[in-house]
Amino acid sequence: KIHISMRILALITARGGSKRLPGKNIRTLGSKPLIVWSIDVAKDIPEICDILVSSDDPAIAAVCKDAGAYVPWLRPAELATDTASSINVALHALDSYEAEKGAVDGLLLLQPTSPFRAQTTVQQGIDLFAKHGHQPVLGVSTTHAHPMWTLKMEGVYLVPFMQEHGIGTRSQNLPSAYVVNGSFYLISPSELRACRSFVGSKTIPLLIKPPQEAVDIDTEWDFRMAE
């Protein structure tokens with residue numbers, strides 16, 4: 001078996017101004033700042049060539065450098081607003097990195113709000129990316145609320161959200177449904193640039209079963225649950 005080495009850039013994006021949970025990225029969770037959980041999980045994975053943090057906040061940058069991440073610049077102001085898209089932030093980081101350090105095979109987005117993804121899970125996602133010819137790989141979980149059981153309002157009444165609804169059907173008789181859990185996005189640079197999305201036309205699922213790995217911290221309540 002010939003092992004062809006891949007170069008995957010791990011990207012952690014962390015803006016300073018979080019409205020719902022101020023200062024969340026460097027708030028202490030357990031023994032370390034929230035963002036450091038995502039830096040540590042990417043260490044010692046052979047395919048990951050660098051762990052790049054894109055932030056506009058000097059305090060976040062300092063914490064990440066201390067934790068061993070690569071923080072070569074602070075993100076430009078126009079990419080640090082509430083309305084800046086995560087795709088533009090990712091492309092800026094990718095372009096800057098490739099211009100300085102050469103081409104990479106994949107961009108792995110690790111959002112700092114998913115602290116409990118396991119290193120074995122990250123490696124499994126990278127292995128899927130290699131096995132499937134660099135097709136995008138997306139972290140998903142089975143959904144708690146099945147879409148075929150959802151409802152919407154029409155006037156003052158509740159009606160099924162989907163025409164082909166499963167209300168009244170036993171859950172085990174419904175088709176499996178998955179939700180993006182925010183913990184793992186891996187895509188080739190060419191596909192990211194072409195479709196400007198982390199979800200490609202043919203996306204491979206990385207099914208994450210342990211519920212703690214799918215924890216996504218956006219609110220104070222989420223943070224308390226994580227603690």
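Residues numbered from 1 in each chain as written. Predicted model: local features only at pLDDT ≥ 70, side-chain atom pairs only at ≥ 80, totals over all residues. Heavy atoms only, no water.

J.: Pulling in residues and values, what's your account of the pairing of strand β5 (residues 106-109)?
T.: Side chains G106 and L108 of β5 all project onto a buried face; the interleaved residues L107 and L109 project onto the opposite face, where all are buried too. Pairing of strand β1 (residues 8-14) with β5 involves four bridges; the strand directions are parallel. Each residue of the ladder has a partner; that of A10, found in β5, is L108. Sheet analysis places β5 next to strand β9 (residues 178-187), joined by three bridges and oriented antiparallel. Bridge assignment links L109 to a residue of β9, and that residue is Y185. (Buried < 20%, exposed > 50% of the residue type's maximum accessible area, 1.4 Å probe, protein only. Helix = DSSP H or I, 4+ residues; strand = E, 2+ residues; numbered from the N terminus. Pairing = 2+ DSSP bridges.)

J.: Break down the packing of helix α1 (residues 34-42) against helix α2 (residues 58-66) for me, citing the residues and quoting the values.
T.: Following both chains from N to C, one finds α1 and α2 inclined at 40 degrees, their axes separated by 10 Å at the closest point. Taken together, the axis directions place α1 and α2 in an arrangement best described as oblique. Taken as a pair, α1 and α2 cross one another with a handedness that is right-handed. Touching I35, V36 and I39 of α1 are I60, V63 and C64, all from α2. In terms of residue class, the contact of α1 with α2 is made up of six nonpolar, no polar and no charged. (Axes fitted to C-alpha atoms, helices over the stretch in contact; angles between N-to-C directions. Parallel < 35°, antiparallel > 145°, perpendicular 65-115°, else oblique. Left-handed = near helix turned anticlockwise from the far one by under 90°. Contact = heavy atoms within 4.5 Å. Nonpolar A, V, L, I, M, F, W, Y, C, P; charged D, E, K, R; others polar.)

J.: With reference to specific residues and values, describe a nonpolar patch on the surface.
T.: A cluster of nonpolar side chains, namely W149, L151, M153, L158 and I167, defines an oily patch on the protein surface of about 510 Å² accessible area. One can find W149 in the loop between β6 (137-142) and β7 (151-154). For W149, a relative accessible area of 38% corresponds to the partly exposed category. (Patch = residues over 30% accessible without salt bridge, like charges linked within 9 Å, V, L, I, M, F, W, Y side chains within 5 Å. Areas by Shrake-Rupley, 256 points an atom, 1.4 Å probe, with all protein chains shown as cover. Salt bridge = Lys/Arg side-chain N within 4 Å of Asp/Glu carboxyl O.)

J.: So what about the side chain of E98? Which residues, and what values?
T.: Summarising the element assignment, E98 is placed in helix α3 (residues 86-101). Among residues more than four places away in sequence, those in contact with E98 are A103, V104, P189 and R193.

J.: Any details on unusual backbone geometry? Residues and values, ideally.
T.: Trans peptide bonds make up the majority, and among non-glycine residues the majority have a negative phi. Backbone geometry places D44, a non-glycine residue, at a positive phi of 65 degrees. With respect to the secondary-structure elements, D44 resides in the loop between α1 and β4 (48-55). A positive phi is found at H134, a non-glycine position, where the angle reads about 70 degrees. In this structure, H134 sits in the loop between α4 (119-131) and β6.

J.: Account for the pattern of salt bridges, naming residues and giving values.
T.: Evaluated as defined, the whole model comprises nine salt bridges. Here E220 and R27 are joined by a salt bridge, their closest N and O atoms 2.8 Å apart. Linking E220 in helix α6 (residues 220-226) with R27 in the loop between β1 and β2 (28-29), this pair joins segments that are 193 residues apart in sequence. A relative accessible area of 30% places E220 in the partly exposed class. The exposure class assigned to R27 is partly exposed, which follows from its relative accessible area of 25%. Between K43 and D40 there is a salt bridge, with the nearest N and O atoms lying 3.2 Å from each other. Note on D40: relative accessible area 27%, which makes it partly exposed.

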